[in-house]
Protein chains: 4
Amino acid sequence: MAVPDILQLHPEKPTTHFDEVRAAIEACFETQQVATICADACLAEENVAELRECIRLDLDCADFCAATGRLIARQAHPQPDFWRAALEACIEACRSCANECAKHENQHEHCRITREACERCIDACQKVLDALPQGGAETRH
Amino acid sequence: MAVPDILQLHPEKPTTHFDEVRAAIEACFETQQVATICADACLAEENVAELRECIRLDLDCADFCAATGRLIARQAHPQPDFWRAALEACIEACRSCANECAKHENQHEHCRITREACERCIDACQKVLDALPQGGAETRH
Amino acid sequence: MAVPDILQLHPEKPTTHFDEVRAAIEACFETQQVATICADACLAEENVAELRECIRLDLDCADFCAATGRLIARQAHPQPDFWRAALEACIEACRSCANECAKHENQHEHCRITREACERCIDACQKVLDALPQGGAETRH
Amino acid sequence: MAVPDILQLHPEKPTTHFDEVRAAIEACFETQQVATICADACLAEENVAELRECIRLDLDCADFCAATGRLIARQAHPQPDFWRAALEACIEACRSCANECAKHENQHEHCRITREACERCIDACQKVLDALPQGGAETRH
């Protein structure tokens, strides 16, 4: 469990929302992995031609989860407006991917696993979003 | 100029906003490069301790420009809500980075180059954002 | 445990070295997270000027672990020469990062966590490397 | 032309091989873009089922070009063993992708553009590789 350990050792670790931040980092990186594998599994399916959108949205989701996971991992001085926009983008990426995966999960169980990972990631990002200071007018330019 | 060429050859290339999409792909990838180099240049400066936020925001900006550039490059069937959130996140990433770079550009010219690249990327993303269909209620779930 | 589950559901899942591939995917993604957090923790330390190389190598390591983790996650038809070169690059990235972290781990425990993650990732990549078919002359051009 | 400019402004810019380093950074980022678009174009083709390997290798190539471009962009203190392994991995990624694209370029011109970008990237990486100090025994552990 290296991630919770190292986050505890950060000299400016999150003081008020440690568990939410840690959970969102882990959810983003897990979803990156799962969506990457789902895209490749879809590519290997016989009905690949029906899975084009699923492959695209898996790749999009993996890229936004990666960028968001790295952003939250650099958590020392969050910029509220940027974090809010980033978390909302990650949530939309996961929502688009989950909606598409849901169409294929009866036929392909890897799509069910990915939908579930996306839903966990949406929840984890929403909890960080809820914990961000409101307004943020002072940081917008 | 391989990028405009290959985008022209995509079987579902953007029909109405080709120039905006192409310009945003190129701006996102350019800003990823410039911000990555700026972070490393800041690390090499004597006053690195005063550049901590600049390094962090350079890295954040590079990651969001990379994810957004890849998303727009997969442009066949844009999901309006997701694209809107992603472009807004990229714009906020560039804005945070540009604001911080502006504080250091008198002393470090690489910060000026990065601020300028971020401003070009904001413009390019805004033009794609303006071209997206409004509403998007039909795609939100 | 979504990653082992989804890998089991891939229509062309690894048949002979499933455990090695799964372990390497997880080690690469874990090291990406840990090295990203270590870079940010180093940036927050008072003696940041002595940690410049550590920050750089943390970032390099995170990027190569991410690329290698994604490569191995797309495991259906490995190209032996490419996989060998990629795994060797990931091992060198982790080795460079671990060597630098070792210099700072008495002072900064996050560097110890990162060194340990890098060492686990080296082991996991080496096991996949050992399992690859030798030679590969037929695929080199 | 922001990339050559900012590299010139790096306080520890490459003194002996500036042009080779700059060209490799640009080639890696260009190939990342082109291969990302090629993967998406392949997904949109009617014969997508015959293009599975091409899509996979495009994605692999984009990921290794991105990681290598970022590594070379952080060029202040190259570690010869790590750089050598990374450049060799990037060259193998481009070679695998170019070989696969060559099979489809009569039918799909986007595959020709990608093969050509990969070949330029191989050349650019090879020039940096040739410029690295030989041996490197002192840095290997």
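Calculation rules
Residues numbered from 1 in each chain as written. Chains lettered and ligands numbered in written order. Predicted model: local features only at pLDDT ≥ 70, side-chain atom pairs only at ≥ 80, totals over all residues. Heavy atoms only, no water. Least-squares fit on C-alpha atoms with pLDDT ≥ 70 in both. Contact = heavy atoms within 4.5 Å. Phe/Tyr/Trp six-rings, centres within 6.5 Å; stacked < 30°, edge-to-face > 60°. Helix = DSSP H or I, 4+ residues; strand = E, 2+ residues; numbered from the N terminus. Buried < 20%, exposed > 50% of the residue type's maximum accessible area, 1.4 Å probe, protein only. 1 Å grid on protein atoms, 1.4 Å probe; cavity = no way out; pocket = protein on both sides within 12 Å on 5 of 7 lines; lining within 4 Å. Points joined across faces, edges and corners; volume = space filled by probe spheres on them. Polar contact = N/O pair within 3.5 Å; in protein donor to acceptor, adjacent residues only side chain to side chain. Buried area = accessible area lost by both parts, 1.4 Å probe. Salt bridge = Lys/Arg side-chain N within 4 Å of Asp/Glu carboxyl O. Nonpolar A, V, L, I, M, F, W, Y, C, P; charged D, E, K, R; others polar. Axes fitted to C-alpha atoms, helices over the stretch in contact; angles between N-to-C directions. Parallel < 35°, antiparallel > 145°, perpendicular 65-115°, else oblique. Left-handed = near helix turned anticlockwise from the far one by under 90°.

*Asks:* Looking at this structure, how should I read the relation of the copies chain C and chain A?
*Replies:* Applying a rotation about an axis and a shift along it to one chain copy brings it onto the other copy. It takes a turn of 180° to lay chain C on chain A, together with a shift of 0.0 Å along the axis; the resulting RMSD is 0.0 Å. Taken together, these values place the two copies in the relation of a two-fold axis. No C-alpha of chain C lies nearer the rotation axis than that of F29 of chain C, which sits 3.6 Å from it. Residue by residue, 100% of the interface of chain C is reproduced at the interface of chain A, so both copies engage with the same surface.

*Asks:* Hey, could you run me through the packing of aromatic side chains in this one?
*Replies:* The relative placement of two aromatic rings is captured by the distance of their centres and the angle of their planes. Applying the stated criterion across every chain yields a total of six aromatic pairs over all chains. Geometrically, the ring pair formed by F64 of chain A and F82 of chain B is edge-to-face, given 5.6 Å between the ring centres and 80° between the ring planes. With F64 of chain A in helix 3 (residues 52-73) and F82 of chain B in helix 4 (residues 80-104), this pair bridges two chains. Look at F64 of chain A and you get buried, because its relative accessible area is 0%. Owing to a relative accessible area of 1%, F82 of chain B belongs among the buried residues under this scheme.

*Asks:* In this structure, what is going on with empty space enclosed by the protein? I would like to understand it.
*Replies:* Over the atoms a probe the size of a water molecule is rolled, and this reveals where empty space is left. Here the structure, examined in full by the defined rule, presents nine cavities of 30 Å³ or more. Approximately 300 Å³ is the volume found for the largest cavity. A66 and R70 of chain A, R70 of chain B, R70 of chain C together with R70 of chain D are, among the 20 residues lining the largest cavity, the residues nearest its centre. Mapped onto the lining of the largest cavity, the elements with two or more residues apiece are helix 3 of chain A, helix 3 (52-73) of chain B, helix 3 (52-73) of chain C together with helix 3 (52-73) of chain D.

*Asks:* So what exactly am I meant to see when it comes to the environment of R52 of chain C here?
*Replies:* For R52 of chain C, the position within the fold is in helix 3. Along the backbone, R52 of chain C and A85 of chain C are 33 residues apart, and their C-alpha atoms lie at a distance of 27 Å. Those residues in contact with R52 of chain C, other than ones at most four positions away along the chain, are L43, A44, E45, E46 and V48 of chain B. A distance of 2.5 Å separates the side chain of R52 of chain C from the backbone oxygen of E45 of chain B, its partner in a polar contact. Polar contacts involving the side chain of R52 of chain C include one to the main-chain carbonyl oxygen of A49 of chain C, which spans 3.2 Å.

*Asks:* Can you help me understand the interface of chain C and chain A in this one?
*Replies:* Quite often, the size of an interface is put as the accessible area lost when its parts meet. Counting residues at the interface gives 36 residues for chain C and 36 residues for chain A. The largest per-residue losses of area from chain C upon contact with chain A belong to I6, Q33 and I37 of chain C, which jointly make up 21% of the total buried on that side. Applying the counting rule to chain C against chain A returns two salt bridges. At the level of elements, helix 1 (2-8), helix 2 (18-44), helix 3 and helix 5 (109-131) of chain C are the ones that each hand at least two residues to the side of chain C that touches chain A. Top element by residues in the side of chain C that touches chain A is helix 2 of chain C. It accounts for 13 residues. Tallied by class, the residues present in the side of chain C that touches chain A amount to 18 nonpolar, seven polar and eleven charged.

*Asks:* Explain the relation of the copies chain A and chain D here, please?
*Replies:* The transform that puts chain A on chain D rotates by 180° and translates by 0.0 Å along the axis, for an RMSD of 0.0 Å. Comparing interface residues between copies, 100% of those in chain A also sit at the interface in chain D, which points to an isologous, same-surface contact.

*Asks:* Would you mind going over the environment of Q75 of chain B with me for this structure?
*Replies:* Here Q75 of chain B lies in the loop between helix 3 and helix 4. According to the relative accessible area criterion, Q75 of chain B is buried, its value standing at 4%. Non-local contacts of Q75 of chain B, meaning those with residues more than four positions away in its chain, are made with L7, H10, E12, K13, P14, V21 and W83 of chain B together with D40 of chain D.

*Asks:* How should the interface of chain A and chain D be read in this particular structure?
*Replies:* In this complex, chain A contributes twelve residues to the contact, which on the side of chain D involves twelve residues. Roughly 980 Å² is buried in total at the junction of chain A and chain D, and carbon and sulfur atoms are behind 55% of that figure. Counting across the interface, chain A meets chain D through two salt bridges. Between R56 of chain D and D40 of chain A there is a salt bridge; the shortest N-O distance is 2.6 Å. Our count for the contact surface shared by chain A and chain D stands at six residue pairs in polar contact (both at pLDDT 80 or more). Every element with two or more residues in the side of chain A that touches chain D is listed here: helix 2 (18-44) and helix 3 of chain A. It is helix 3 of chain A that contributes the most residues to the side of chain A that touches chain D, five residues altogether. Here the side of chain A that touches chain D is composed, by residue class, of six nonpolar, no polar and six charged.

*Asks:* What should I look at first to understand the packing of helix 3 of chain D against helix 4 (residues 80-104) of chain D in this one?
*Replies:* Packed helix pairs are specified by the crossing angle of their axes together with the interaxial distance, meaning the distance between the axes. Residues and elements named next belong to chain D. Orientation of helix 3 relative to helix 4, taken along the N-to-C sense of each, is 150°, at an axis distance of 9 Å. When the axis of helix 3 is compared with that of helix 4, the two are roughly antiparallel. Viewed along their axes, helix 3 and helix 4 form a crossing whose handedness is left-handed. Tallied by class, residues from the contact of helix 3 with helix 4 come to 17 nonpolar, three polar and three charged.

*Asks:* What's the story with the side chain of R115 of chain D in this structure? I'm lost.
*Replies:* Residues and elements named next belong to chain D. On the secondary structure map, R115 appears in helix 5 (residues 109-131). Classification of R115 by relative accessible area gives buried; the value is 16%. When neighbours within four sequence positions are excluded, R115 is seen to be in contact with A98, C101, A102 and E105.

*Asks:* I tried to follow the pattern of salt bridges on my own but got confused; where do I start?
*Replies:* Two side chains that carry opposite charge are able to pair once their charged atoms sit near each other. Here the structure, examined in full by the defined rule, presents 64 salt bridges over all chains. For D63 of chain D, the salt bridge identified is with R74 of chain C, shortest N-O distance 2.8 Å. Linking D63 of chain D in helix 3 with R74 of chain C in the loop between helix 3 and helix 4 (80-104), this pair reaches from one chain into another. R22 of chain D is the partner of E26 of chain D in a salt bridge, and the nearest nitrogen-oxygen pair spans 3.0 Å. Of this pair, E26 of chain D and R22 of chain D are both found in helix 2 (residues 18-44), four residues apart, which corresponds to roughly one turn of the helix. Taking the relative accessible area as the measure of exposure, E26 of chain D reaches 25% and is therefore partly exposed.

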